[in-house]
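What follows is the residue order along each chain.
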Number of protein chains: 2
Amino acid sequence: MTSDPIRRAVRQLSRLPGIGEKTATRLVYWMLTQPGDVPAQLASALQELDASITECKVCCTLTTHDEDPCRLCARGDRDDTLILVVEHPQDVLAFERTGEYRGRYHVLHGALSPLDGITPDQLRIRPLLERLRAETVTEVVLATDPNVEGDATAMYVARLLRPIGVRTTRLAHGISVGTEIEYADTVSLARAFEYRRELS
Amino acid sequence: MTSDPIRRAVRQLSRLPGIGEKTATRLVYWMLTQPGDVPAQLASALQELDASITECKVCCTLTTHDEDPCRLCARGDRDDTLILVVEHPQDVLAFERTGEYRGRYHVLHGALSPLDGITPDQLRIRPLLERLRAETVTEVVLATDPNVEGDATAMYVARLLRPIGVRTTRLAHGISVGTEIEYADTVSLARAFEYRRELS
């Protein structure tokens, strides 16, 4: 009894992670009963997204065709000797929000996961190696996620970097700032003890 | 540092109810890293939605320009003497899923809510009255939601129907099927007692 365009929109929306058929149906009917042409505006934003986004030819993060290399790679005030390697473009934004990192980035677009069919050639590892040959990089910080896949990816990349002779580091583990030790997870607590620092 | 098309898509997506900026960001990046051109397909479905959906000229539910009157109004096997009045097009689907209702529908597109600025002239009450004059309807079931707005709307419509002389009913309240009495809400339980039925 639902008309086909509604069914089609529900099916497309329910492909998104965390949005099931019920939520998608609710969203579609909500859009249809709003003033201000919500479906058309969302459609146009998504089409622009589809048409304009590409991977930066330097760091492989997502950028527009107009800005390639991306804004961060184009900036002259960043430290060219340092590359922070992350899994996703969103991770770049997370580091930028800290306001403390002044080097460059490289986005792998995922982590090794043989069970999910993600092998080294699907990650942007080759462009990273090419950057290291061409540029004046002295340190690569491997900031992949602290889980099995992220750790494996960091180990794999570190092994490839060894012959190049660049300093390779990994983010520190420890307890989160603002956490209560009582509720900290055991692994982070163990790492926090292991990597304890001298008070200066 | 986010490119503008990404920011625009995030802003449009985060207008949807229940989707905040964080979720919208996650969805946009997810779409951009999927195979199979997800943003373009979703955009096209939403554009079709925008271009093709209209209100049925009989029952006011949402339908396409190609199917007006809607499929349900066009069916010859439904009981023309009975109209079930609901707030939203989704409510029609809910009743159709029961497989037990054989009459016609009328969609008000909301409920009276003076505080939200929803007055009688914003609901599809006038088309309902016109249907009653023209058709052979003997009963109108007011199936607005069982809350303050829905009850007020039902009372308001019932008062308008009185001079027409059509039988006007309201859905029964009671405890849900499959519920445990221990956990039933007190109002429903009180109504279930009040409307108790003779065992036959």
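The rules behind the values
Residues numbered from 1 in each chain as written. Chains lettered and ligands numbered in written order. Predicted model: local features only at pLDDT ≥ 70, side-chain atom pairs only at ≥ 80, totals over all residues. Heavy atoms only, no water. Patch = residues over 30% accessible without salt bridge, like charges linked within 9 Å, V, L, I, M, F, W, Y side chains within 5 Å. Areas by Shrake-Rupley, 256 points an atom, 1.4 Å probe, with all protein chains shown as cover. Salt bridge = Lys/Arg side-chain N within 4 Å of Asp/Glu carboxyl O. Helix = DSSP H or I, 4+ residues; strand = E, 2+ residues; numbered from the N terminus. Buried < 20%, exposed > 50% of the residue type's maximum accessible area, 1.4 Å probe, protein only. Arc of directions from axis to C-beta. Contact = heavy atoms within 4.5 Å. Buried area = accessible area lost by both parts, 1.4 Å probe. Polar contact = N/O pair within 3.5 Å; in protein donor to acceptor, adjacent residues only side chain to side chain. Domains from an automatic or database assignment. Least-squares fit on C-alpha atoms with pLDDT ≥ 70 in both. Phe/Tyr/Trp six-rings, centres within 6.5 Å; stacked < 30°, edge-to-face > 60°. 1 Å grid on protein atoms, 1.4 Å probe; cavity = no way out; pocket = protein on both sides within 12 Å on 5 of 7 lines; lining within 4 Å. Points joined across faces, edges and corners; volume = space filled by probe spheres on them. Nonpolar A, V, L, I, M, F, W, Y, C, P; charged D, E, K, R; others polar. Pairing = 2+ DSSP bridges. Right-handed = clockwise from strand over helix to strand, strands pointing away.

1. A closer look at a nonpolar patch on the surface
Right, on to step 1. A contiguous nonpolar surface patch, about 240 Å² in accessible area, is contributed by A:Ile175, A:Ile181 and A:Leu189.
Right, on to step 2. Relative to the assigned elements, A:Leu189 resides in helix H8 (residues 186–194).

2. Topic: helix H6 (residues 125–134) of chain B
Residue and element names in this part refer to chain B.
Right, on to step 1. Regarding H6, the residues found buried are Ile 125, Leu 128, Leu 129, Arg 131 and Leu 132. Each buried residue of H6 lies within a common arc of 155 degrees when the element is viewed along its axis, so the set occupies one face. H6 presents Arg 126, Arg 133 and Ala 134 as exposed residues on the side facing more than 90 degrees away from its buried surface.
Right, on to step 2. Where H6 is buried, its residues contact strand S3 (79–86), strand S4 (103–107), strand S5 (139–142) and helix H7 (148–161).

3. What to know about the interface of chain A and chain B
Right, on to step 1. Taken together, the contact between chain A and chain B spans 50 residues of the former and 50 residues of the latter.
Right, on to step 2. Taken together, both faces of the contact between chain A and chain B bury some 5000 Å²; the carbon and sulfur share is 70%.
Right, on to step 3. One can count four salt bridges joining chain A with chain B.
Right, on to step 4. As a salt-bridge pair, A:Arg8 and B:Glu48 come within 2.3 Å of each other at their nearest N and O atoms.
Right, on to step 5. Between the two partners, chain A and chain B, sit 11 residue pairs in polar contact (both at pLDDT 80 or more).
Right, on to step 6. Mapped onto the side of chain A that touches chain B, the elements with two or more residues apiece are helix H1 (4–13), helix H2 (21–32), helix H3 (38–52), strand S2 (62–64), helix H4 (71–74) and helix H5 (89–98) of chain A.
Right, on to step 7. Considering every element that reaches the side of chain A that touches chain B, the biggest residue donor is H3(A), with 14 residues.

4. Focus on the domain arrangement of chain A
Right, on to step 1. Domains assigned within chain A are domain 1 (5–53) and domain 2 (56–198).
Right, on to step 2. Look at where the C-alpha atoms of domain 1 of chain A and domain 2 of chain A centre, and you get two points 33 Å apart.

5. A look at the relation of the copies chain A and chain B
Right, on to step 1. Overlay of chain A on chain B (RMSD 0.1 Å): rotation 180 degrees, translation along the axis 0.1 Å. What the rotation and shift describe, once combined, is the action of a two-fold rotation axis. Distance from the rotation axis, computed per C-alpha, reaches its smallest value in chain A at A:Ala43: 2.0 Å.
Right, on to step 2. A high fraction, 100%, of the interface residues of chain A reappear at the interface in chain B, so the copies pair face to face through one surface.

6. Here we look at the packing of aromatic side chains
Right, on to step 1. Within this structure, the stated rule accounts for four aromatic pairs over all chains.
Right, on to step 2. In this structure an aromatic cluster arises from ring pairing among A:Phe95, A:Tyr101 and A:Tyr105.

7. Considering the layout of surface pockets
Right, on to step 1. Looking at the largest pocket, its volume works out to about 1500 Å³.
Right, on to step 2. Along its surface, the largest pocket is lined by 48 residues, and A:Glu87, A:His88, A:Gln90, A:Asp91 and A:Ala94 are the ones closest to its centre.
Right, on to step 3. When residues of the lining of the largest pocket are traced back to their parent elements, those giving at least two are H5 of chain A together with helix H1 (4–13) and helix H2 (21–32) of chain B.
Right, on to step 4. A breakdown of the residues in the lining of the largest pocket according to their chemical character gives 19 nonpolar, 15 polar and 14 charged.

8. Regarding the side chain of A:Arg131
Residue and element names in this part refer to chain A.
Right, on to step 1. Within the secondary structure, Arg 131 is located in helix H6 (residues 125–134).
Right, on to step 2. There is a polar contact of 3.1 Å between the side chain of Arg 131 and the side chain of His 106.
Right, on to step 3. If near-sequence neighbours (up to four positions away) are discounted, Arg 131 is found in contact with Val 58, Cys 59, Ile 83, Arg 104, Tyr 105 and His 106.

9. A closer look at the pairing of strand S5 (residues 139–142) of chain A
Residue and element names in this part refer to chain A.
Right, on to step 1. Neither face of S5 is left uncovered, since the one carrying Glu 139 and Val 141 and the one carrying Val 140 and Leu 142 both have all their residues buried.
Right, on to step 2. Where strand S3 (residues 79–86) lies against S5, four bridges are found, and the strand directions are parallel. Bridge assignment links Leu 82 to a residue of S5, and that residue is Glu 139.
Right, on to step 3. By the bridge criterion, four bridges tie S5 to strand S6 (residues 167–170) in an arrangement that is parallel. Within the sheet, the bridge partner assigned to Val 141 lies in S6 and is Thr 169.
Right, on to step 4. Crossover connection from S5 via helix H7 (residues 148–161) to parallel S6: handedness right-handed.

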